[in-house]
Structure formats: structure tokens, C-alpha cells
Amino acid sequence: MTPPRARTWGRRGHTPVIRVRGRSRRRTSVAALCCYKPGERSHLIHRPRGHLLLKGARKSFSWQDYRDLLVRAHIQLGGPIVVVWDNLNTHLAAGLKRYEAGHDWLATFRLPPYARDLNPVEAVWSLVRRSMANTAFDTPDDLDRTLRHELRRIQLRPHLIDGCLTATSLTPPTPN
């Protein structure tokens, strides 16, 4: 619930102060895929997930959550998928590797370590953070609603998703 910070239009020397409530017992995680197919518009497929911060509870996506996201993308896109993963430890999990090996519609590649600038999804998170800067949310539900709205806004603008790929200096796929 700690709000992101950005520049303000306040008077110089008078920093605006916004009171923020104490820590919430909820955490929101989001996984996203930028999807590119020759001759079609770009897609952003995402899955937000809320977590309760209880003792011993998982605080992030599990490999099963990423598997479910890949299945959803396969159904939504209607064809084989080539996934380029970063080196997040959950993406390297043995269960996810077994799942990848067992399905011929799924091919995976790994980005080199510390290659955030090659990942178009990082640019999506930059767009989301920029649009939510200087915002204090009253409740975790306000945060969830705003996050879903911003991701939906990006989904409806394929040129933004294309721009995220262009920012990586990688070339979009070309028709064979």
C-alpha cells in the first residue's frame, strides 16, 4: 500500500504530505505476457492474484500459477507459444520445466541474467507505475481496481504493447 512517488506541482520548499494508513495484510502480484504474432495485433495477457500476508503463506506466484497463465494464453491465442522467460527462480522451478517438456505446443527460452532491458514486460510495468504515481489508495480494493484498469487500458492499445517491444531493441516476428 505504500504509494509510488513522482514529482509534484507543489510550491518549491513546501512538500505535500499525504497520510497513508498502516500496512495492509494483503499483497497483490501480477504476471503478464506480451504476445506478438505476425500479421495480428499484439496482446497483453495478465493475471492478478491477491495474497494474504499470513505466517507461512506464499507471498508471490507459484510455478502452478505461471503454468495456468501459459494454458490461458494457449487457449486465448489458439496456437503454439514460444515463451522467453527471465531468470526468476519460479520460472526455473522443476515442476514448470517438467510441464514445458511435456507439451509440444510450448517452447521456452531464457533471457541472459540481468537482462531487464530485453524484457518487454518490464516496460509494461513502467507504464503502469507511471500512471499510478502520486496516488494514495484508501483500500487494497482501490489498488486492485486501478491496477486492473491500467492493464486493461494497455490491452486495448496494441501500439503501447508494440512500443514495449521496440524499447527492448528486439525486432518483432516477421511472417515466414
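Residues numbered from 1 in each chain as written. Predicted model: local features only at pLDDT ≥ 70, side-chain atom pairs only at ≥ 80, totals over all residues. Heavy atoms only, no water.

What follows is about the overall build of the protein. On a plain count of helices and strands, the protein comes out with five helices and four strands. Along its sequence from the N terminus, the protein presents helices and strands in the succession β-β-α-β-α-β-α-α-α. A burial count over the protein gives 32% of its 176 residues as buried. Across the protein, contacts joining residues at least 24 apart in sequence account for 63% of those joining residues at least 6 apart. About 12,100 Å² of surface is accessible on the protein, with carbon and sulfur atoms providing 52% of the total. (Helix = DSSP H or I, 4+ residues; strand = E, 2+ residues; numbered from the N terminus. Buried < 20%, exposed > 50% of the residue type's maximum accessible area, 1.4 Å probe, protein only. Contact = heavy atoms within 4.5 Å. Areas by Shrake-Rupley, 256 points an atom, 1.4 Å probe, with all protein chains shown as cover.)

As a further point, take the nonpolar core. Formed by 16 residues in total, the largest nonpolar core has its most connected members in Leu 33, Tyr 66, Leu 70, Ile 81, Val 83, Trp 85 and Leu 106. It is helix α1 (residues 63-77) that provides the largest number of residues to this core, a total of four residues. Leave out the neighbours within four places in its chain, and Ile 81 touches Leu 70, Ala 73, His 74, Trp 105, Leu 106 and Ala 107. (Core = buried A, V, L, I, M, F, W, Y, C linked by side-chain atoms within 4.5 Å.)

Of note, Leu 127 is situated in helix α3 (residues 120-132). C-alpha of Leu 127 to C-alpha of Cys 164: the two residues are 37 residues apart in sequence and 9.2 Å apart in space.

Next up on the list: the confidence of the model for the protein. Scored by pLDDT, the protein comes out at a mean of 83, with 86% of its residues at no less than 70. Ranking the elements of the protein by mean pLDDT puts strand β2 (residues 43-52) last with 83 and helix α2 (residues 94-101) first with 93. (pLDDT = per-residue confidence, 0-100.)

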